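Observations on the model geometry
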Amino acid sequence: MAEWLIEEGIAETRALLVDGEQVRTAKVFWPGEVAAGTRTTGKLIAKLKGTRRGVALLGNGTEALVDHLPPHITEGQSLDVVITRAPIAERGRLKRAQARAAGSDAPSPGAGIPEGRIVRRLPVGLWEEVWHAASAASLDFPGGEVLVSVTPAMTVIDIDGIGSPREVALAAVPAIAQALAWFDLGGNIGIDFPTLQTKDDRRAVDEALEAALTGWPHERTAMNGFGFVQLVARLEGPSLLHRFATARLGAAARIALRRGEVAAESGATGRTLLLTVHPALKAKLKQPWLEELARRTGREVRIATDPALAIEAPNAQLLDA
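Right, let's walk through the structure included here. (Residues numbered from 1 in each chain as written. Predicted model: local features only at pLDDT ≥ 70, side-chain atom pairs only at ≥ 80, totals over all residues. Heavy atoms only, no water.)

**Here's the deal with the sheet that holds strand E20 (residues 315–319)**
On the basis of which strands lie adjacent, the open sheet formed by three strands has the order E19-E18-E20 and mixed pairing. Two strands bound the open sheet, and with one partner strand each, they are strand E19 (300–305) and E20. When the angles between neighbouring strand axes are averaged without regard to direction, this sheet yields 25 degrees. Sheet topology places strand E18 (residues 272–277) next to E19; six bridges connect them, and they run parallel. The residue of E19 that forms the bridge with leucine 273 is valine 301. Here helix H6 (residues 287–297) sits on the sheet and contacts E18 and E19; the angle it forms with E19, its principal contact strand, is near 130 degrees. (Pairing = 2+ DSSP bridges. Helix = DSSP H or I, 4+ residues; strand = E, 2+ residues; numbered from the N terminus. Axes fitted to C-alpha atoms, helices over the stretch in contact; angles between N-to-C directions. Contact = heavy atoms within 4.5 Å.)

Written out as structure tokens, the structure reads:
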């Protein structure tokens, strides 16, 4: 039976829906973010004329677009809101959070960290597998791979493989379903399948996709003559791919801290924990994070840099001195 496992890391909470030894779904949360489902207070700073929408300044200093405003509220007044979509960073801009006035008839989404079992460490290798797939924005399937790209308008999934268009398209479907869940994707999603000439081939892929996405709430178009399918799913916050696209160094810094914790739990001895990272990561390792790493591991923490290391490949080891 699938179960959510929650790992409370330094500067990052990781959640995996695990079924046996398989990861079904992955989510990640960074402290200080206003997650979907959060109830908070804001001050209305703008009201769109003729609508029940406006812009509220939240207590953390960020802005949110608010729906279902009470008719009597005016600019400058405070109100309770429920976040329906967390803010999402994109290259060159930040999409405001979206919210509804609390107490409206509209349902509030259940979001944020899922209910599950808190574990000291996720099962060996599972988070690493998801993390590296998200870092590469790709997943392999027999004979090919799916490549996932985040754009301001939509997330686009491209398919590259060897074989006939029908064979490649059908073989890619399980990897597409896996990418949607592993990378926590939502919003507008376009899938660019190989062009299939016959209606029977297109129908076969549509049916395979429908079966693979059973249980994943979404709407979907049928494949058009060019092999394109559009999905629309609820978007409640930044996907793993959004984080890598806009904060790759921050994501890599957090994996370095995790590797430090794992090294300290490996059974090796040593009074000093040495983190070796790409020089670009050193400034991202905030002092409070390093202090927390020292507290958790019971070791002095030192940082070394190596420009030959990939940003995504920090190293951790224990030393006697």
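**A closer look at the pattern of salt bridges**
Pairing between side chains of opposite charge can happen when the charged atoms of each approach one another. Taken as a whole and judged by the stated rule, the model has 21 salt bridges. In this structure, arginine 121 engages glutamate 265 in a salt bridge whose closest nitrogen and oxygen atoms are separated by 2.6 Å. Note that arginine 121 is positioned in the loop between strand E11 (117–119) and helix H1 (126–136) and glutamate 265 in the loop between helix H4 (240–264) and E18, a separation of 144 residues in sequence. The partner of glutamate 300 in a salt bridge is arginine 302, and the shortest N-O contact between them spans 3.3 Å. Residues joined by salt bridges that share partners form a network here, namely Glu7, Glu12, Arg14, Arg120, Arg121, Glu128, Arg258, Glu261, Glu265, Glu292, Arg295 and Arg296. (Salt bridge = Lys/Arg side-chain N within 4 Å of Asp/Glu carboxyl O.)

**Observations concerning the nonpolar core**
Among the nonpolar cores identified, the biggest contains 52 residues, and Ile176, Phe183 and Phe193 are the most heavily contacted of them. Top element by residues in this core is helix H2 (residues 165–182). It accounts for 10 residues. Apart from the residues within four sequence positions on either side, isoleucine 176 is in contact with Val146, Ile157, Ile159, Ile191, Phe193 and Leu209. Among the nonpolar cores identified, the runner-up in size contains 17 residues, and Ala256, Val277, Leu281 and Leu318 belong to it. (Core = buried A, V, L, I, M, F, W, Y, C linked by side-chain atoms within 4.5 Å. Buried < 20%, exposed > 50% of the residue type's maximum accessible area, 1.4 Å probe, protein only.)

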